[in-house]
Amino acid sequence: MAEHIARHSPLGGFAARFAAATRGSGGAVRLAELPYPAQINVRLDPKGPAADAVRLALGIALPVEPNTAVRGGGLAALWLGPDEWLVVGPAGTAGDLESRLRGAVGAYHAAVTDVSAQRSTLLVSGPRSRDLLSHGIALDLHPRSFGAGRCAQTMLARAQVILTARDERGPGFWVLVRSSFAGYLAQWLLDASSEYTAPGYAAQGCSASQ
Amino acid sequence: MLLIPCPWCGPRDEAEFGYGGQAHVPYPEDPTALTDEEWARYLFFRNNPKGPHPERWCHAAGCRRWFNAVRNTATNEILAVYRVGEPRPVIV
Amino acid sequence: MTPQPFRLPDGGRISRGAPLAFRFDGVAYQGYRGDTLASALLAAGVHQTSTSVRLGRPRGIFTAGVEEPNAIVQIEAPFPEPMLPATTVELYDGLVAGGLPGQGRLATEPDPARYDARYAHCDVLVVGAGPAGLAAAAAAARTGARVILADDQPEPGGSLLGTAEIPDWAAETGSELDAASEARVLRRTMVFGYYDDNYLLAAERRTNHLGSQAPSRLSRERIWHIRARQVVLATGAHERSVAFAGNDRPGVMLAAAARTYVNRYAVAPGRRAVVFTTGDSAYCAALDLAAAGVDVAAVVDARPEPGGAAERAARAGIEVLAGHAVTGTSGEPRVASVAVRALCAAELTGPAREFAADLLLVSGGWNPVAHLFSQAGGQLRYDAGLGAFVPDGCRQAVRVAGAARGVFDLPGCLADGAEAGRRAAEDAGFTAARPLPPTSAAGSAERSAPSAHLWVVPGPDGFGTHFVDLQRDVTVADLARATGAGLRSVEHLKRYTTAGTAHDQGKTSGVLTSGVIAQLLGVEVAELGTTTFRPPYTPVSFAALAGRNRGVLHDPVRVTALHDWHLAHGARFENVGQWHRPWYYPRDGEDMAAAVARECRAAREGVAFMDASTLGKIDVQGPDAGDFLDRLYTNMISTLRVGMIRYGVMCRADGMVFDDGTVIRLAEDRFLLTTTTGNAAAVLDWMEEWLQTEWPDLRAHCTSVTEQWATVALVGPRSREVLAGLAPQLAVDACSFPFMAWRETAVAGIPARVCRISFSGELAYEINVLPWYATALWEALYEAGRPLGITPYGTETMHVLRAEKGYPIVGQDTDGTVTPQDLGMGWVVSKKKRDFIGKRSHLRADTGRADRKQLVALLPQDDVLLPEGAQLVAGDRLADPPVPMLGHITSSYRSVALGRTFALALVRSGRERVGERLYVPVGEELIPVTVTGPVLYDPEGARRDG
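Source: prediction; values computed, not measured.

Enquirer: Lay out the overall build of chain C in plain terms, naming residues and giving numbers.
Expert: Looking only at helices and strands, one finds 21 helices and 47 strands in chain C. For 946 residues, the compact-globule estimate of 2.2 N^0.38 gives 30 Å, and chain C exceeds it by more than 25% at 38 Å. Each principal axis of the C-alpha distribution contributes one length, and for chain C these read about 115 × 70 × 60 Å. When each of the 946 residues of chain C is scored for burial, the buried share is 60%. Taking the contacts inside chain C whose residues are at least 6 apart along the sequence as the reference set, 65% of them involve residues at least 24 apart.

Pasting the structure below:
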């Protein structure tokens, strides 16, 4: 492949600003790009044999409950629609993952498409990450409504995103956004995070303290 | 901002949806068999009732599924949603 | 610095240790933290704040809240903001403001402050933190429900803040809610809109009250988007006035407002007061003012038998004139004396009395604040006992509690609020686990008398100064003129007289207007109804509504993986949908025309390259994919061989061109489509719509891969040399790699799909790689092509090149009324297919008309560059209007290859007119043009293979 060729992730240029915002908030919000994860779009009939074949090949089932994600074996399968999923794996494994999926579905009717570069992945975490995202996401992000294992396609500010709650303890989300919108969204998140990097904002009696 | 219950994703803000006009207007089996007037009726004519109206909606910013909804055009209440291919529910 | 002559020596909810300096209309004053601008002005003895909008009459502070019709001010510093009621502006140090005669001025400089938005969800939203709202929020929060309590004041308490004794539990309940993990108290937050499905908008003033001390990193205002499962409206009530002569003079004030100024702000709004009332509540004001040292000359009560409150006032030494009314005021500009006469069966009787007074308090009754309830779709009902409209039924999950539904006593409000909060939580699925909050507050054993309903006090000299709407200067005489002109509907009267249409939306005047109209027409108020309440309840600044969506974040800017390179190389950009695309790359000293000419020359004579990554790309897989695409495109797709590419056009069912692009067959059951840049999402939606709703049996799936691939167009007679040098494994000769074929290979070591597609007529390639490697590919091309003078080009050059070949751009040369046949592209419409979307419409009589507008090229005389959008006419002199139009210009350029200007146009019967002379009106001139076929450059297609 092209290992020796210089590559650039869509948000590579934002790394220093993400780090500064994270530092400035004292860790209340953490922003980072997860570059180059493998992402394979899978479309098939969840009741048909292709779904079973995928489960055997990946070791995890494609979730049938809407707006949920299933994780295991270093992979995550995100529900995008009743016949559509996004399978996410470690960086550099897209070719292998695509082959495994294509091999598994074999002659069954299914669509397997490498979309690793289609979306950029942002990590938004920290104790105030829910607050930060609530400036631009209309969904209820309360842990009772959007806890671990939940994912959703929705709007964040004016960009469509796939939002998924991390499994780890503490609030944290992955935000997947079409790469052409990634710069816009990064700027938006940085601007919104200024709220949480303001010194002493809690002492002003503003609602931000709640 | 309506709260539209996507049959797959549950209630979401209206802003996530695209509107597809009157439901149950199937593409004619054989368009060439239609007169110009019949074809024009398929293309251009839709009901405009005050009250319950079956409509097509697409959860465009979410699961991208098309579905049908019966909406009261006078009050904006969504009286029922159902998936493509399911029969129109009886609204009492 | 002027002293505060009307500041009371003690009391009030102000911080006397925090004096604040401010200026109003050029004069320096002092107030305290906790003041509003209005209370600080009153403390200084300033009643009049401006003159009225239409009549120029002096006007003063009339209320103590958002309902203020008169005291509208413009803030000049620290940041300009127009049209704020002085009664809602919290005082801060350094405030500079001035009074406005009904109209403000927009700031001329940009507002540097931040504004933002926040979404919130709750089980129970309580609007208003008065007694009923606090009780409701506490009752709901104690069930474990998620509760939001929003109130426009800095502290909870509502109407109690204006009373002498505010119980501790108000602050305690606020603290309890602050501490509750699932409750949120939004202070300084005005819920201004109630929309479908319990979606409410609220504006929070976060740092306005900090003045220049406001931290710049915090938003000044925030719009809350609240989705509530249940809503409790505890929005209280507004006092209203009575129409009598001279009821607009500064010094005339609503009674409860005066009470608030005394108790909350420790300000005496005057030295000597007359109180004019139709009910009991004004006696509290009279007694509180008297206790604060204001000389209360008399209480003028319209009721013949006022009841216990009057007795209490009399015991306090206040003269009560039962069955009397105020008939007029005098004084310039402020009230100096008040005229009173007995009132019997709506007639004035007996002798007139004059009271010297600088303050006239008026209480004409209370209007429940039903605006939000009405916005929610709720019905209002006229309660003849209350003399006001009260909430009735509503289809949304909303309750109204306390004064907002006509409950005016404190114990009643507490009980009503607690009940509403508890039931709202229950309806949201929660049950009270803990005992309900105590709702017992000391009730009064006093004998209360029902209020009188007095709208208008007669004469003495007509009704020209009987003001109903102070802000719009609408009088009883104006309303009488309107009813005399035959208007009957309250909606029509509102529009005719403008009553209720001002900045304050008639908060204090609406019901009074209805009452006066009812009296004029001799009907019941209930029959008239009210006008419609629409959001926003109070004005909201555009900046707050825009929030973060301004400046660079105004609209998402989409960029390709090569954007940084374009920036670094001086590209000028143009917006294509949300994309920023390089438009042209000027070199030192070049204008756009020179840069485009140079770029065009490179593409036609040497080699040039362009970032084409913005093209939409859709991957279609499945055994029925070919069949599916046959139904979508006008031409045949299923016959395309693997390894080859076909151009295709899609129409809507009405037969009009919707999009065009190329189709690549990747495998027997897999295709890759490109769409126009602006239509990518629409085409994918279109495909999904047909698959899901009409053809669910087709085994085909669509997946967007627009950003999965970066695409570089390599164009020009020498493009083959550049590609050959970078793709050694690729046989590039025209035989091995023919036009409309694609190959997979490595270009500059990067895995790539290379397509032989041309949008310029020249030998050309489109090289697709993962966007992560786009910069590496681009720089390799730039390096390899340097000896050949490779030139980056932008969208303008691309447009010129394609127009020279007569290739239309969907959305520029088409507008949704153009068929493929109109474009002269009948060749792309299959005659063999049984059906495709649009086919039937192509058989309609209208689409077959010979005089449809058709795409042609125009050659203007004298090398004029015609404006796009210009019209075409037949003769060299304009006919009399309406001038018959023959069509319009869709594209217009200057061509290096042709050595002249040219244009594309949609012209009626255009193809029949080839060779004809037409005219283009430009300014005062008619420019002659010659109609030709659309392909002007290389019509035989000789250059395609290099």
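Next, the rest of the story.
Enquirer: Residues and numbers for the packing of aromatic side chains, please.
Expert: All told, the structure shown has 27 aromatic pairs over all chains when counted by the stated rule. Here Trp565(C) and Tyr585(C) contribute two aromatic rings whose centre-to-centre distance is 6.3 Å and whose plane-to-plane angle is 65°, an arrangement assigned as edge-to-face. In this pair, Trp565(C) is assigned in helix H14 (residues 563-568) and Tyr585(C) in the loop between strand S30 (579-584) and helix H15 (592-605), connecting sequence segments 20 residues apart. Here Trp565(C) matches Tyr585(C) in class, with each residue buried. One cation-aromatic arrangement involves Arg548(C) over Trp188(A); the distance from NZ or CZ to the ring centre is 5.6 Å.

Enquirer: Account for the interface of chain C and chain A, naming residues and giving values.
Expert: Between chain C and chain A, the contact holds 62 residues from the first and 58 residues from the second. Between chain C and chain A lies a buried interface of about 5100 Å² when both sides are counted; carbon and sulfur atoms form 49% of it. Where chain C packs against chain A, one counts 10 salt bridges. The shortest N-O distance in the salt bridge between Asp191(A) and Arg548(C) comes to 2.7 Å. Our enumeration of links across chain C and chain A arrives at 32 residue pairs in polar contact (both at pLDDT 80 or more).

Enquirer: Pulling in residues and values, what's your account of the confidence of the model for chain C?
Expert: The share of residues in chain C with pLDDT of 70 or more is 98%, and the mean pLDDT across the chain is 95. Across the interface, the model reports ipTM at 0.97; the global pTM reads 0.95.

Enquirer: Got a sec to walk through the sheet that holds strand S7 (residues 119-125) of chain A? Specific residues and values, please.
Expert: Residue and element names in this part refer to chain A. The strand order across the open sheet built from 5 strands is S1-S7-S10-S9-S8, with neighbouring strands paired in antiparallel fashion. The open sheet has two edge strands, strand S1 (30-34) and strand S8 (151-156), and neither has a second partner. Recorded for the sheet is a direction-independent mean angle of 30° between the axes of neighbouring strands. Judged from the 5 bridges that link them, strand S9 (residues 159-165) and strand S10 (residues 172-178) form a sheet pairing that is antiparallel. Residue Ile162 lies in a different strand from S10, and its bridge partner there is Leu176. Helix H1 (residues 15-24) contacts S1 and S7 of the sheet and is inclined by roughly 155° relative to S1. Where helix H5 (residues 179-197) meets the sheet, it contacts S1, S7, S8, S9 and S10, and its direction lies at approximately 140° from that of S10.

Enquirer: Describe helix H3 (residues 168-179) of chain C, and please don't skip the residues or the numbers.
Expert: All names here are of chain C. Compared with an ideal rise of 1.5 Å per residue, which puts 12 residues at 16 Å, H3 spans 17 Å between its outermost C-alpha atoms and is within 8% of the ideal. Of the positions making up H3, those classed as buried are Ala170, Thr173, Gly174 and Leu177. One side of H3 holds all its buried residues, which, seen down the axis, span an arc of 100°. In H3, those exposed residues whose orientation departs by more than 90 degrees from the buried face are Asp168 and Ala179. Residues of H3 that are buried sit in contact with helix H2 (131-141), strand S9 (147-150) and strand S10 (183-186).

Enquirer: Summarise the domain arrangement of chain C; cite the residues concerned and give the values.
Expert: Residues and elements named next belong to chain C. When the domains of chain C are assigned, the result is domain 1 (15-99), domain 2 (563-613 + 709-801), domain 3 (616-708) and domain 4 (849-946). Domain 2 and domain 3 are separated by 25 Å when their C-alpha centres are compared. Contacts between the two partners involve 20 residues from domain 2, matched on the other side by 16 residues from domain 3. Both sides of the domain 2 and domain 3 interface together cover about 1400 Å² of buried area, and 64% of this is carbon and sulfur. On the domain 2 side of the contact with domain 3, Trp709, Met740 and Trp742 bury the most area, a combined 47% of that side's loss. Where domain 2 meets domain 3, there are 0 salt bridges. Between domain 2 and domain 3 we count 7 residue pairs in polar contact (both at pLDDT 80 or more) in total.

Enquirer: Describe the interface of chain B and chain A, and please don't skip the residues or the numbers.
Expert: If you look at the interface, chain B gives 11 residues, while chain A gives 16 residues. Counting the surface lost from both chain B and chain A, the interface buries some 1000 Å², and carbon and sulfur atoms represent 46% of this. At the junction of chain B with chain A, the criterion picks out 3 salt bridges. Of the charged contacts, one joins Glu84(A) and Arg64(B) as a salt bridge, the two residues approaching to 3.2 Å between their closest N and O atoms. Where chain B packs against chain A, one counts 7 residue pairs in polar contact (both at pLDDT 80 or more). Of the residues in the side of chain B that touches chain A, the class split is 5 nonpolar, 1 polar and 5 charged.

Enquirer: Residue-level account of the nonpolar core, with values.
Expert: A general tendency of soluble globular proteins is for nonpolar side chains to be buried together. Residues and elements named next belong to chain C. Judged by nonpolar contacts, the single largest core of 81 residues is most densely connected at Phe22, Leu37, Met253, Phe276, Leu289, Leu360 and Leu361. Excluding residues within four positions of it along the chain, Phe22 makes contact with Val27, Ala28, Tyr29, Gln30, Gly31, Leu37, Ala40, Leu41, Leu91 and Leu95. Core analysis: the second largest hydrophobic core is formed by 68 residues, Phe628, Phe658, Trp772 and Ala780 among them.

Enquirer: Lay out the pairing of S8(A) in plain terms, naming residues and giving numbers.
Expert: All names here are of chain A. Along S8, 5 of the 6 residues are buried, which leaves the element largely enclosed by surrounding structure. Of the pairings in the sheet, the one linking S8 to S9 comprises 6 bridges and is antiparallel in character. Bridging from a neighbouring strand, Thr154 pairs with Val161 of S9. Counted between consecutive antiparallel strands, the loop separating S8 from S9 contains 2 residues, among which Ala157 sits at a positive phi close to 55°.

Enquirer: Tell me about the packing of helix H9 (residues 476-484) of chain C against helix H10 (residues 490-497) of chain C, and name the residues and values.
Expert: Residue and element names in this part refer to chain C. H10 packs onto H9 with a crossing angle of 120° between their chain directions and a minimal axis gap of 10 Å. Comparing the axis directions of H9 and H10 gives the class oblique. Considering only the axes of H9 and H10, their crossing is right-handed. Of the residues in H10, those touching H9 at Asp478, Leu479, Ala482 and Thr483 are Leu493, Tyr496 and Thr497. For the contact of H9 with H10, a count of residues per class yields 4 nonpolar, 2 polar and 1 charged.

Enquirer: Explain unusual backbone geometry residue by residue, including any values.
Expert: Glycine aside, residues mostly have negative phi, and peptide bonds are mostly found in the trans state. Residues and elements named next belong to chain C. Cis geometry marks the peptide bond from Ala77 to Pro78, where omega comes out at 10°. In this fold, Pro78 is placed in the loop between strand S5 (72-77) and strand S6 (81-85). Backbone torsion omega between Glu332 and Pro333 reads -10°, so that peptide bond is classified as cis. Positionally, Pro333 belongs in the loop between strand S19 (324-330) and strand S20 (337-344). For Asp25, which is not a glycine, the phi torsion comes out positive at approximately 50°. Residue class for Asp25 comes out partly exposed when judged on its relative accessible area of 46%.

Enquirer: Account for the pattern of salt bridges, naming residues and giving values.
Expert: A full pass over the atoms with the stated rule returns 77 salt bridges over all chains. Linking Glu182(C) and Arg144(A) is a salt bridge whose minimum nitrogen-to-oxygen distance equals 4.0 Å. Remark: Arg144(A) occurs in the loop between helix H4 (129-134) and S8 and Glu182(C) occurs in the loop between H3 and S10; the pair is interchain, linking two chains. The network of salt bridges with shared partners includes Arg43(A), Asp83(A), Glu84(A), Arg64(B), Arg65(B) and Glu688(C).

Basis of the calculations
- Residues numbered from 1 in each chain as written.
- Chains lettered and ligands numbered in written order.
- Predicted model: local features only at pLDDT ≥ 70, side-chain atom pairs only at ≥ 80, totals over all residues.
- Heavy atoms only, no water.
- Helix = DSSP H or I, 4+ residues; strand = E, 2+ residues; numbered from the N terminus.
- Rg over C-alpha atoms; globule rule 2.2 N^0.38 Å.
- Buried < 20%, exposed > 50% of the residue type's maximum accessible area, 1.4 Å probe, protein only.
- Contact = heavy atoms within 4.5 Å.
- Phe/Tyr/Trp six-rings, centres within 6.5 Å; stacked < 30°, edge-to-face > 60°.
- Lys NZ or Arg CZ within 6 Å of the ring centre and 35° of its normal.
- Buried area = accessible area lost by both parts, 1.4 Å probe.
- Salt bridge = Lys/Arg side-chain N within 4 Å of Asp/Glu carboxyl O.
- Polar contact = N/O pair within 3.5 Å; in protein donor to acceptor, adjacent residues only side chain to side chain.
- pLDDT = per-residue confidence, 0-100.
- Pairing = 2+ DSSP bridges.
- Axes fitted to C-alpha atoms, helices over the stretch in contact; angles between N-to-C directions.
- Expected span 1.5 Å × (residues − 1).
- Arc of directions from axis to C-beta.
- Domains from an automatic or database assignment.
- Nonpolar A, V, L, I, M, F, W, Y, C, P; charged D, E, K, R; others polar.
- Core = buried A, V, L, I, M, F, W, Y, C linked by side-chain atoms within 4.5 Å.
- Parallel < 35°, antiparallel > 145°, perpendicular 65-115°, else oblique.
- Left-handed = near helix turned anticlockwise from the far one by under 90°.

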